[in-house]
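Chain by chain, the residues run as shown.
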Amino acid sequence: MFTHSDLAKLQSQSLKMQGHIRKQTYSPEMEKTLRRFSSWEVAELIFKINPSTLRGRLAADPSLPEGEVEEDGRQRWYTLQEINELRRRVRIKNQPLLPPRPAGKRAVRAAIANFKGGAGKSTVALHFAHAAALDGYRVLAVDFDPQATLSHSMGLSDVSEEFTVWGIMARDLIQETERMNAAGRGAESGTALPQRQLPASVTGMGLNALRITDFIKPTSWPTIDLVPSCANAAFVEFASAQYRHLNPEWSFFAAMSRYLDAIPPDAYDIIIFDCPPAIGYQSMNAVFAADVLYIPSGPGYWEYDSTTSFIGQLSEALEDLGKFRGGLPEGTSAEKAFSDIRFLLTRFEPNNDLHRAMQQAFGQVFKPHVTEHPIEMTRAVEQSGRFLSSIYEMDYRQMTRETWRRARASFDRAYGEFRGTLVTAWDTLED
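Summary of the structure given here. All figures in this text were calculated on a predicted structure; none of them were measured in a lab. All residue numbers refer to positions counted from 1 along the written sequence of the respective chain. Per-residue local features of the predicted model are confined to residues with pLDDT of at least 70, and side-chain atom pairs are confined, for both listing and counting, to 80 or more; whole-chain, interface and lining totals are unaffected and use all residues. The side-chain values count all of the structure's non-hydrogen atoms but skip hydrogen atoms and water molecules.

Throughout this description, the term salt bridge denotes a Lys or Arg side-chain nitrogen within 4 Å of a carboxyl oxygen of Asp or Glu. Taken as a whole and assessed by the stated rule, the structure comprises 23 salt bridges. Residue R106 pairs with D291 through a salt bridge whose shortest N-O separation is 2.8 Å. Residue R106 is located in the loop between β5 (95-96) and β6 (108-112), and its partner D291 is located in the loop between α11 (281-289) and β11 (292-297); the two are separated by 185 residues in the primary sequence. Exposure remark for R106: the relative accessible area of 23% places this residue in the partly exposed category. With a shortest N-O distance of 2.9 Å, R419 and D135 are connected by a salt bridge. Of this pair, R419 sits in helix α15 (residues 401-426) while D135 sits in the loop between α5 (121-134) and β7 (139-143), placing them 284 residues apart in sequence. A relative accessible area of 12% means that D135 is categorised as buried. Bridged by salt links that share partners, the residues D172, E176, R179 and R258 form one connected network. Runs of E in the DSSP output that reach at least two residues are strands. Runs of H or I that reach at least four are helices, and both are numbered from the N terminus. Accessible area is worked out with a 1.4 Å probe on protein chains only. A residue is then buried under 20% of its type maximum, exposed over 50%, and partly exposed in between.

Structure follows, in structure tokens:
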């Protein structure tokens, strides 16, 4: 017979292997570091200009970042900070190289969601975050998944559960309860409303003293921050159900939305949610806070079937959300609405007849919500997954340039559509 003690021993053994893998994958300090980018990549793939044009600008202005020169002098290599300085200072046809970002708007939020495991949610979230950072955006990624794949891929694994989405939700419960109690004591009628009491097991954790920034961790990418997850945060579904009973008036599905609303509007440009493979308290918090819903799916029939079930159950959950007394924030009566909903095929093989047929089926049913460019399955993509990295983090010298470039081009096209969707969604946001 096996109990929780046996599971704990198995996890302990696995954590030792996890440390070994991190040592092989990351730097000798077991910390993930971001590589430099060649002047060819900066010009052609990031700025999308002719390399000779960039060389001319660099030669004309010696004060611009020089990068690190190879021994043979043929190539320069730049950090992301240097790339962003070039982006701010270099002008092409009298236009800056900065990405579109409407003034006076908060960050636009996108949830990557599907309850089918293996649909590529974390892979898509990771690559879109990295692509956006290379595009000049400041990105906040939020890992709602207790599997913490995104957090591990970002180089964060030693995370305490109180600094995850669970901590944000528990902190929100405490603050909202205190606000309601204060409002009850100050009722105009002069009759004090009943006080809502939370147990010491919740109030004694010190979460109420945490600041907004305490939940946000830096990553190896200087313009990407992360609200991480960890395996211990898996109990958030059980805890959230208990919290609802502690304060039935608590609008539990709006906890993450309230948290993000408290972040200064100009702190980030894009916020990306990596959702767990389930419809629960965490995923519904992500969905409720999102402006755009991105649904990745594999190109097989079973993935299509699962995606169909997912949108059906999500529809029912959103419809029922407003019926709960604590479902929507106080004063909110409108239904949850997204600026856009998009379906993205992943692990797509262009020469696979089944994949092409399923792509056509997705298009017939969900058009115009299906993205034009699927993410193709290539050897470089498989290799990046094994090393907990995105294709953008991999040095093209580790393989043939054509193999690397084909994989990057697939994500670049998918990200280009993603960015277009977000830029359009920005117009719907209030100043």
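Time to look at the packing of α5 against α15. Axes here mean lines fitted to C-alpha atoms, for a helix over just the part in contact, with angles spanning 0 to 180 degrees between N-to-C directions. Put simply, α5 and α15 touch, their axes get as near as 10 Å, and they point 80° apart. With respect to α15, the element α5 is oriented roughly perpendicular. Residues T123, H127, F128, A131, A132 and L134 of α5 touch α15, and the partners they reach there are R408, F411, A414, Y415 and F418. For the contact of α5 with α15, the class distribution of residues is eight nonpolar, two polar and one charged. Here is the rule for angles: anything less than 35 degrees is roughly parallel, anything more than 145 is roughly antiparallel, 65 through 115 is roughly perpendicular, and the remaining ranges are oblique. Contacts are assigned to residue pairs with any non-hydrogen atoms lying within 4.5 Å of each other. Polarity classes work like this: nonpolar for Ala, Val, Leu, Ile, Met, Phe, Trp, Tyr, Cys and Pro, charged for Asp, Glu, Lys and Arg, and polar for all others, with Gly in that last group.

Glancing now at the sheet that holds strand β1 (residues 37-38). Read across the open sheet, the three strands follow the order β1-β3-β2; overall the sheet is antiparallel. Each end of this open sheet is capped by a strand with a single partner; those strands are β1 and β2 (68-69). The sheet contact formed by β1 and strand β3 (residues 76-78) spans two bridges and is antiparallel. Each bridged residue has a counterpart across the sheet, and for F37 the counterpart in β3 is Y78. A pair of strands is labelled paired if DSSP reports no fewer than 2 bridges between them.

So, about the environment of F252. By the secondary structure assignment, F252 is in the loop between α9 (236-246) and α10 (255-261). A relative accessible area of 2% places F252 in the buried class. Distance in space between the C-alpha atoms of F252 and A241 is 9.5 Å, their sequence separation being 11 residues.

Of note, E376 is situated in the loop between α13 (353-366) and α14 (379-386). Polar contact is defined as a pair of N or O atoms within 3.5 Å, subject to the rule that within protein one atom must be able to donate a hydrogen and the other to accept it, and that residues adjacent in sequence are counted only when both atoms are side-chain atoms. Polar contacts involving the side chain of E376 include one to the side chain of R406, which spans 3.4 Å. Excluding residues within four positions of it along the chain, E376 makes contact with F348, P350, V381, R406, S410 and R413.

With that settled, the discussion passes to helix α4 (residues 80-89). Buried within α4 we find L80, E82, I83, N84, L86 and R87. Contacts from the buried residues of α4 go to β1, α2 (39-47), α3 (51-60), β3 and α5.

Summarising the element assignment, A132 is placed in helix α5. Take A132: its relative accessible area is 0%, and that puts it in the buried class.

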